[in-house]
Amino acid sequence: MSLSPSAVWSWLKAQFAKVPLAVQLRDDWVNLIKKTWSVRFSLLASLLAAIQLGMQALLENPPIDNKVFVALYILVSAAAGYSRLVTQDGITPSSVSGGEQ
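Note that the structure is a prediction, hence the values are computed from the model and not measured.

Definitions and limits used
Residues numbered from 1 in each chain as written. Predicted model: local features only at pLDDT ≥ 70, side-chain atom pairs only at ≥ 80, totals over all residues. Heavy atoms only, no water. Helix = DSSP H or I, 4+ residues; strand = E, 2+ residues; numbered from the N terminus. Contact = heavy atoms within 4.5 Å. Areas by Shrake-Rupley, 256 points an atom, 1.4 Å probe, with all protein chains shown as cover. Phe/Tyr/Trp six-rings, centres within 6.5 Å; stacked < 30°, edge-to-face > 60°. pLDDT = per-residue confidence, 0-100. Core = buried A, V, L, I, M, F, W, Y, C linked by side-chain atoms within 4.5 Å. Buried < 20%, exposed > 50% of the residue type's maximum accessible area, 1.4 Å probe, protein only.

Some details on the overall build of the protein
And step 1. Along its length, the protein carries 5 helices and 0 strands.
And step 2. Of all intrachain contacts in the protein linking residues separated by at least 6 positions in sequence, the fraction that spans at least 24 positions is 60%.
And step 3. Carbon and sulfur atoms make up 65% of the accessible area of the protein, which amounts to about 8,200 Å² in all.

Observations regarding the packing of aromatic side chains
Pairs of aromatic rings are described using the distance from one ring centre to the other and the angle between the two planes.
And step 1. By the definition in use, this model includes 1 aromatic pair.
And step 2. Where Trp 37 meets Phe 41, the ring centres are 5.8 Å apart and the plane angle is 35°; that geometry is what we call tilted. Of this pair, Trp 37 and Phe 41 both sit in helix 3 (residues 37-58), 4 residues apart, which is roughly one turn of that helix.

Quick look at the confidence of the model for the protein
And step 1. The share of residues in the protein with pLDDT of 70 or more is 83%, and the mean pLDDT across the chain is 78.
And step 2. Ranking the helices and strands of the protein by mean pLDDT puts helix 4 (residues 66-83) first, with 87, and helix 5 (residues 93-97) last, with 52.

Remarks on the nonpolar core
And step 1. In this structure, Ala 45, Leu 48, Met 55, Phe 69 and Val 76 together form the largest nonpolar core, which totals 5 residues.
And step 2. Listed by contribution, the elements that provide at least two residues to this core are helix 3 and helix 4.
And step 3. With 3 residues, helix 3 is the single largest residue contributor to this core.

If you want it as structure tokens, here you go:
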């Protein structure tokens, strides 16, 4: 059975709507991912960490050394932090943070 990303997203949104949370997902989250490098780097760092943990858990002898993933994770995390501080064309504080500062 194959689920489309939109079906998964709709299901997740319905589940989170049932739970009162202090933090809510932004309505423009897709645009935020498309426009901001810091979010992209953060997602890439998460993906690298997941791959690293998955390989350690599932493979006895991973094809890529653990130190390589640690180095990549550090570099991508540093890039995410740096990109939070630099200006990007088309991004203003109000368009990214909803005007909250």
